[in-house]
Amino acid sequence: MTITYEWRGDFDNTDLNALHAEAFGHGQTLTDWHTQVNRHSLGWVCARKAGRLVGFVNVAWDGGAHAFILDTMVAQDLREAGVGTELVAAAARGACSANCEWLHVDFEEHLRPFYFNACGFRPTDAGLIALR
């Protein structure tokens, strides 16, 4: 069955909360993703298989040249099938079409091969301050 990818695709908060819980290994929440991404994001990409939400990535931005990958999520049963790579590629195309010049990502150490090898990111120096 074909997987489709849609920039700024429509989604249901319940479905996205379930995917987020599955992807990040926590209990399901009642986050209002629809309001959040429409208010704060450049865009997002939804991946669907037979109508089921199987992937999602959020693209935040600074209103100018910089876009940021956040919350890359893929359903457990489709990991290692290229869904995450295509989500990020679609996000990059969306950011490029909005005239962004840079796409940034932060990630946990175990995701280095995915972001560097599969998605084409390169290492850079960056800084971080923990606020909580």
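Quick note: structure is the one above.
This is a predicted model, so every value here is computed, not measured.

Draft legend 1. Quick peek at the overall build of the chain. A count of helices and strands for the chain gives 4 helices and 5 strands. Across the chain, helices and strands are ordered from the amino to the carboxyl terminus as β-α-α-β-β-β-α-β-α. For 132 residues, the compact-globule estimate of 2.2 N^0.38 gives 14 Å, and the C-alpha radius of gyration of the chain, at 14 Å, lies within 12% of that figure. Once the C-alpha set of the chain is aligned to its principal axes, its extents read approximately 40 × 35 × 30 Å. In the chain, which comprises 132 residues, the share counted as buried stands at 33%. In the chain, the share of contacts with a sequence separation of at least 24, taken over all contacts with a separation of at least 6, comes to 58%. When the accessible surface of the chain is split by element, carbon and sulfur atoms take 51% of a total near 8100 Å². Between the mean site of the 10 positive side-chain charges and the mean site of the 16 negative ones, the chain shows a separation of 1 Å.

Draft legend 2. Structural context of the environment of Cys 96. Within the element layout of this structure, Cys 96 appears in helix α3 (residues 83-97). In this structure Cys 96 comes out as exposed when scored by relative accessible area, which is 52%. Taking the C-alpha atoms as reference points, Cys 96 and Thr 124, separated by 28 residues in sequence, lie 20 Å from one another.

Draft legend 3. Inspection of the nonpolar core at higher detail. If you look at the biggest cluster of nonpolar residues, it comprises 32 residues, and the most contacted ones within it are Phe 11, Leu 16, Leu 19, Phe 56, Ile 69, Leu 87 and Phe 121. Put simply, the parts of the chain that give this core at least two residues each are α1 (13-24), α2 (33-40), β2 (41-49), β3 (52-61), β4 (66-74), α3 and α4 (112-118). Looking at this core element by element, the count peaks at 6 residues for α3.

Draft legend 4. Highlighting the pattern of salt bridges. Taken as a whole and assessed by the stated rule, the structure comprises 3 salt bridges. Here Glu 86 makes a salt bridge to Arg 93, at a shortest N to O gap of 2.8 Å. On the basis of relative accessibility, which here comes to 48%, the residue Arg 93 falls in the partly exposed class. Note that Arg 112 is salt-bridged to Glu 109, the shortest N-O span being 3.6 Å. Note on Arg 112: relative accessible area 33%, which makes it partly exposed. When its relative accessible area of 58% is taken as the criterion, Glu 109 is described as exposed.

Draft legend 5. How the structure looks around the packing of aromatic side chains. Inspection of the entire model under this criterion finds 7 aromatic pairs. With 6.2 Å between their ring centres and 90° between their planes, Phe 11 and Trp 44 make a pair best called edge-to-face. Of this pair, Phe 11 sits in the loop between β1 (3-7) and α1 while Trp 44 sits in strand β2, placing them 33 residues apart in sequence. For Phe 11, a relative accessible area of 7% translates into the label buried. On the basis of relative accessibility, which here comes to 3%, the residue Trp 44 falls in the buried class.

Definitions and limits used
- Residues numbered from 1 in each chain as written.
- Predicted model: local features only at pLDDT ≥ 70, side-chain atom pairs only at ≥ 80, totals over all residues.
- Heavy atoms only, no water.
- Helix = DSSP H or I, 4+ residues; strand = E, 2+ residues; numbered from the N terminus.
- Rg over C-alpha atoms; globule rule 2.2 N^0.38 Å.
- Buried < 20%, exposed > 50% of the residue type's maximum accessible area, 1.4 Å probe, protein only.
- Contact = heavy atoms within 4.5 Å.
- Areas by Shrake-Rupley, 256 points an atom, 1.4 Å probe, with all protein chains shown as cover.
- Lys, Arg positive; Asp, Glu negative; His and termini not counted.
- Charge placed at Lys NZ, Arg CZ, Asp CG, Glu CD.
- Core = buried A, V, L, I, M, F, W, Y, C linked by side-chain atoms within 4.5 Å.
- Salt bridge = Lys/Arg side-chain N within 4 Å of Asp/Glu carboxyl O.
- Phe/Tyr/Trp six-rings, centres within 6.5 Å; stacked < 30°, edge-to-face > 60°.

Honestly, it's all geometry; don't read function into it.
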